[in-house]
Amino acid sequence: MEGVGRPADDDVPGRCAYQGAPGAFSHEACIDLRPWDQPVAYDSFEAAIDALKAGEVGCALIPVENTTIGRVEPAASLVEKAGLTVVSEVWRPIRLALMAPAGARLGDIRTAESHPAALGQCSGTLGSLGIQSVEAYDTAGAARAVAEAKDRTRAAVAPMRAAEVYELSILRNDIQDSADNRTRFVLLSA
């Protein structure tokens, strides 16, 4: 992933907003695209965009399109209506992992929690495993909830980094239905 050239020290406050919990795809993309900025997590796309508009952060990185499911909503609509400048965009490969508390086995899993977009990207795989999808606000947030619950029948669909952050075991890597699963992120400024 190519980043935008490092700004002058007085160009931005040095903070980049993203939606989700630490370990989310947006968090990873923020670190890769803007390694000099502090990533700042917000619970919703709207909150991340509002933080940019309010000057709390210098930029926001928002996913707007995915090769498997199309537009990422409500993010894409919010970006269109925000009246902000798209500074750059980047396509990132999205590799999803099924993760659960230590000791869980694949056959134990009854439900998998994640953001609706991520669940849509692996619906075929989850269906073939007989695992019911449960929507959550974020991929990494779902991983955090599964880790806190310690229920071996619950799993999360999230980036591999989320398993490290929340100390979960990866039961299966690359569960996305398409090998060419990618998401387009836009970097916004006020």
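Here, every reference points to the structure presented above.
Per-chain numbering applies: the sequence of each chain, read as written, is numbered from 1 onward. For a predicted model such as this one, the threshold for reporting local features is a pLDDT of at least 70, and the threshold for listing and counting side-chain atom pairs is 80 or more; totals across whole chains, interfaces and linings nevertheless cover every residue. Excluded from the side-chain calculation are hydrogens and water; included are all heavy atoms of the structure.

Some remarks on the nonpolar core
Condition: In these notes, a set of buried Ala, Val, Leu, Ile, Met, Phe, Trp, Tyr and Cys residues joined through side-chain atoms within 4.5 Å is what counts as a nonpolar core. Residue exposure (1.4 Å probe, protein chains only): buried if accessible area is under 20% of the type maximum, exposed if over 50%, otherwise partly exposed. Elements are defined by DSSP. Helices are runs of H or I of four residues or more, strands are runs of E of two residues or more, and each kind is numbered from the N terminus. Contacts between residues were defined by any pair of non-hydrogen atoms, one from each residue, lying within 4.5 Å.
Counting 25 residues, the largest nonpolar core has Leu61, Leu96, Leu98, Leu126, Val157 and Ile175 as the members making the most contacts within it. Elements with a minimum of two residues in this core: α1 (25-33), β3 (59-66), β6 (97-100), α4 (116-121), β9 (154-158) and β11 (182-189). In terms of residue count, the dominant contributor to this core is α1 (four residues). When residues no more than four places from it in sequence are discounted, the contact partners of Ile175 are Leu96, Ala97, Leu98, Cys122, Thr125, Leu126 and Val157. In terms of nonpolar packing, the next biggest core, distinct from the first, is built from 20 residues, Ala17, Val40, Ala60 and Ile62 among them.

So, the sheet that holds strand β7 (residues 111-114)
Using the following cut-off: Paired strands, in this sense, are two strands between which DSSP finds at least two bridges. Every axis corresponds to a line fitted to the C-alpha atoms, with the helix fit spanning only the stretch in contact, and the corresponding angles, defined between N-to-C directions, vary from 0 to 180 degrees.
If you trace the five strands from one edge of the open sheet to the other, you get β8-β7-β9-β6-β10, paired in mixed fashion. Lying at the two open borders of the sheet, with one neighbouring strand each, are β8 (132-135) and β10 (169-172). Strand-to-strand, the axes of this sheet are offset by a mean angle of 40°, without reference to chain direction. In this structure, β7 lies alongside β9, joined through three bridges in parallel fashion. Note on β9: the bridge partner recorded for Glu113 is Ala156. Sitting on the sheet, helix α6 (residues 139-149) touches β6, β7 and β9, and the angle it makes with β9 is about 155°.

Thoughts on the pairing of β7
Side-chain direction in a regular strand flips from residue to residue, so the side chains alternate between the two faces of the sheet. Judged by which residues are buried, β7 turns out to be covered on both faces: Thr111 and Glu113 on one side and Ala112 and Ser114 on the other are all buried. In terms of strand pairing, β7 meets β8 through four bridges, oriented parallel. Bridge pairing in β8 links Thr111 to Gln132.

A word on the pairing of β6
Neither face of β6 is exposed, since Ala97 and Met99 on one face and Leu98 and Ala100 on the opposite face are all buried. As judged from the three bridges shared by β6 and β9, these two strands associate in the antiparallel manner. Within β9, the residue paired with Met99 across the bridge is Ala156.

Regarding the pattern of salt bridges
Cut-off, in case you're wondering: Just to be clear on terms, a salt bridge is a Lys or Arg side-chain nitrogen sitting within 4 Å of an Asp or Glu carboxyl oxygen.
Scanning the entire structure with this criterion turns up twelve salt bridges. A salt bridge links Arg184 to Glu65, with the nearest nitrogen and oxygen atoms 3.1 Å apart. A residue pair is termed long-range when its members are at least 10 positions apart, and Arg184 in strand β11 and Glu65 in strand β3 qualify at 119 residues. The shortest N-O distance in the salt bridge between Glu73 and Arg71 comes to 2.7 Å. A residue is classified by how much of its surface remains accessible, and Arg71, at 42% relative accessible area, is partly exposed. Salt bridges sharing partners connect three or more residues here, namely Glu28, Asp32, Arg92 and Arg161.

Concerning helix α3 (residues 75-82)
Applicable threshold: The directions considered for the arc run from the helix axis to the C-beta atoms.
Listed as buried for α3 are Ala75, Ala76, Val79 and Ala82. In an axial view of α3, the angular spread of the buried residues amounts to 130°, which keeps them on one side of the axis. Pointing more than 90 degrees away from the buried face of α3 are the exposed residues Glu80 and Lys81. Elements that come into contact with the buried residues of α3 comprise α2 (45-53), β3, β4 (70-71) and β11. Positive phi appears at Gly83, one or two residues downstream of α3, with a value of about 70°.

Examining the environment of Cys122
Inspection of the secondary structure puts Cys122 in the loop between α4 and α5 (123-128). The buried category is assigned to Cys122, whose relative accessible area is 0%. Residues Cys122 and Ile175, 53 residues apart in the sequence, show an inter-C-alpha distance of 5.9 Å. Discounting residues that sit within four places of it in the chain, Cys122 has contacts with Leu96, Val157, Ile175, Gln176 and Asp177.

Details of the side chain of Asn181
Note the threshold: Polar contact criterion, stated in full: a pair of N or O atoms within 3.5 Å, where within protein one must be able to donate a hydrogen and the other to accept it, and residues adjacent in sequence count only if both atoms are side-chain atoms.
Locating Asn181 in the fold gives a position in the loop between β10 and β11. You can call Asn181 buried: its relative accessible area is 2%. A distance of 3.1 Å separates a polar atom in the side chain of Asn181 from a polar atom in the side chain of Asn66. Those residues in contact with Asn181 that sit more than four places away from it in its chain are Asn66, Thr67, Thr68, Arg92, Pro93, Ile94, Leu96, Gln121 and Gln176.

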